[in-house]
Each structure stands twice: as structure tokens, then as C-alpha cells.
Amino acid sequence: MNPIPIPVPARPFAFELQPGAVALVVIDMQRDFIEPGGFGASLGNDVSLLEAAIAPVQRLLALWRARGWPVVHTRESHAPDLSDCPPAKRLRGTPALRIGDAGPMGRLLVRGEPGCDILPAVAPWPGELVIDKPGKGAFHATALGEELFARGVTQLVVAGVTTEVCVQTTMREANDRGFDALLVEEATASYFPAFKAASIEMIVAQGGIVGWAARLDDLQAALASSVGPSGQEG
Ligand code: TIU
């Protein structure tokens, strides 16, 4: 029997969260995007703008881990030989350093390098799924769809960076694959605050054309107030 859904106040309307079928997907909380000297900085961005997402992501992780619900982490990353990095991606623009070039945290966005790691504050726990993805979307050229299907996941609660690039791309990919996806507003950040705001509006417009957006406090309160069939908190 499916557990009773938990209505989460959200835009454009309540998200009926299904315990047991909802994964938390944390996008690219990597040193290369959030710390100085990484890929984000090489593109000319003020990486300090992304720090605001760290504490909210920690809160989300605690909520999911306390319930034993599935958690997925992604890393935008490439093989050391860059065979999965299209020249169009590596050669775009005039960054200070390109993907694969050596910086103070190792080779940018290359698997196994220090900068490619997820921040210790939000690091994966053993048993949590970690998806290395060569693109902006987490479904492109990865096994994410199959892994979610194998776990019976039909809904995604999404967090991470950056809102309008890898987060929004992943939400659009998820939407096209039939997942309901909810973005947690405080748990995502962009180098461009106006783009974050616009992305959220694009997602929820037209009756939720891409998905939903909710405040973290509202999600947390909804989970706290729900009681599962066994009498345990949902
Ligand atoms: N540049 C930028 O805003 N983002 C990325 O390149 N990747 C992710 O969003 N993870």
C-alpha cells in the first residue's frame, strides 16, 4: 500500500510528496563551483554567492537521512583524458583556465581531483548514490534514470548549484522523463541572483510547466507534521 502523500505548500500549487518514492537530488555542490580557484571562478564568477546554499542543503540532507529516503548527489565531471568532454564545451569562450587545465585545486572538473570533490559540509554518506555527469543535466549520458527507476522513485526534490544551469537543466530533463520535481528555493544558488529568481519563475509558470518550487521551512514543517501509517513521522 502506498503511504499517504504529504501536501507541501509550494508554487504553483501544493506538491503531494510521496514518502518512499521521493529522492533528494543535490546538484554539483563541488569545490570547483563554490570555492575560489575552481571552474566557476575561472569563468569570472563571484563564487561566494553560492555559499548561501550550503546550510539549506545540509538541512535537506538531514531530513532525508533521518527518514532513510534516497539521496542522490551529482558531480559535473570528466574523465582524465577528457574523452567525455566535447570540444564545444572545453573550448567555449575565453576562461582563465579551461576544463582539464591545472589550477590550485587540481585539474578543473576532472574526476579524482580535489576541486571536483563535493564540499565536506554536504559530502555523500556511504550508500548514497553519486552520479558523475559530463553535461549540465544529470540525466544526459548517465544512469540516473535507471537508478531512480530501480529504487521506485517517481518524484525529485532538487537542490544545488547553479540554479539556471545544472539545476534547471536537470529539472527539465526530469520533467520530460515523467518525474515530478520540486525545487527548494533556499537550497539553490546562482552566480546571478536575478537568474535564480527568473529560473524559479520559469519553473512554476504556466501551471508548473517544469515543476514546483517551495520554501525550505514549508517543506520541513510539512514533513514534521506528517505521521506515517505506522505512527512514525513521515
Ligand atoms: N557556470 C555555471 O553557472 N554552472 C555550471 O557550469 N555548472 C553547474 O551549474 N553545475
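Preceding this section is the structure that the text describes.
Residues numbered from 1 in each chain as written. Predicted model: local features only at pLDDT ≥ 70, side-chain atom pairs only at ≥ 80, totals over all residues. Heavy atoms only, no water.

Draft legend 1. Here's a closer look at the packing of helix 3 (residues 54-67) against helix 8 (residues 216-225). For the pair helix 3 and helix 8, the least separation of the axes is 11 Å and the interaxial angle reads 15 degrees. For the element pair helix 3 / helix 8, the angle class is roughly parallel. When you trace helix 3 past helix 8, the crossing you get is left-handed. From helix 3, P56, R59, L60, L63, W64 and R67 reach across to helix 8, where they touch L216, D217, L219, Q220, L223 and A224. For the contact of helix 3 with helix 8, the per-class residue count stands at eight nonpolar, one polar and three charged. (Axes fitted to C-alpha atoms, helices over the stretch in contact; angles between N-to-C directions. Helix = DSSP H or I, 4+ residues; strand = E, 2+ residues; numbered from the N terminus. Parallel < 35°, antiparallel > 145°, perpendicular 65-115°, else oblique. Left-handed = near helix turned anticlockwise from the far one by under 90°. Contact = heavy atoms within 4.5 Å. Nonpolar A, V, L, I, M, F, W, Y, C, P; charged D, E, K, R; others polar.)

Draft legend 2. How the structure looks around the environment of V153. Its location among the elements puts V153 in the loop between helix 5 (144-150) and strand 8 (155-161). A C-alpha to C-alpha distance of 7.5 Å links V153 and G20, two positions 133 residues apart in sequence. Sequence-distant contacts of V153, that is, excluding residues within four places in its chain, are made with A21, A23, P70, L148 and F179.

Draft legend 3. View of helix 3. Compared with the 20 Å implied by 1.5 Å per residue over 14 residues, the 20 Å span of helix 3 between its first and last C-alpha is a close match. Restricting attention to buried positions, one finds in helix 3 the residues I54, P56, V57, L60, L61, L63, W64 and R65. A positive phi of about 70 degrees marks G68, the residue just after helix 3. (Expected span 1.5 Å × (residues − 1). Buried < 20%, exposed > 50% of the residue type's maximum accessible area, 1.4 Å probe, protein only.)

Draft legend 4. Quick look at the site of the ligand. In the vicinity of the ligand, the residues found are D28, F33, F39, L43, E76, K136, V161, T162, V165, C166 and Y191. Note that an oxygen atom of the ligand is positioned 2.9 Å from one of the side-chain N or O atoms of K136. When the ligand sits alone it has 280 Å² of accessible area, and the protein chains cover 93% of it. Looking at the shell around the ligand, its residues break down into seven nonpolar, one polar and three charged. (Near = heavy atom within 4 Å. Polar contact = N/O pair within 3.5 Å; in protein donor to acceptor, adjacent residues only side chain to side chain. Areas by Shrake-Rupley, 256 points an atom, 1.4 Å probe, with all protein chains shown as cover.)

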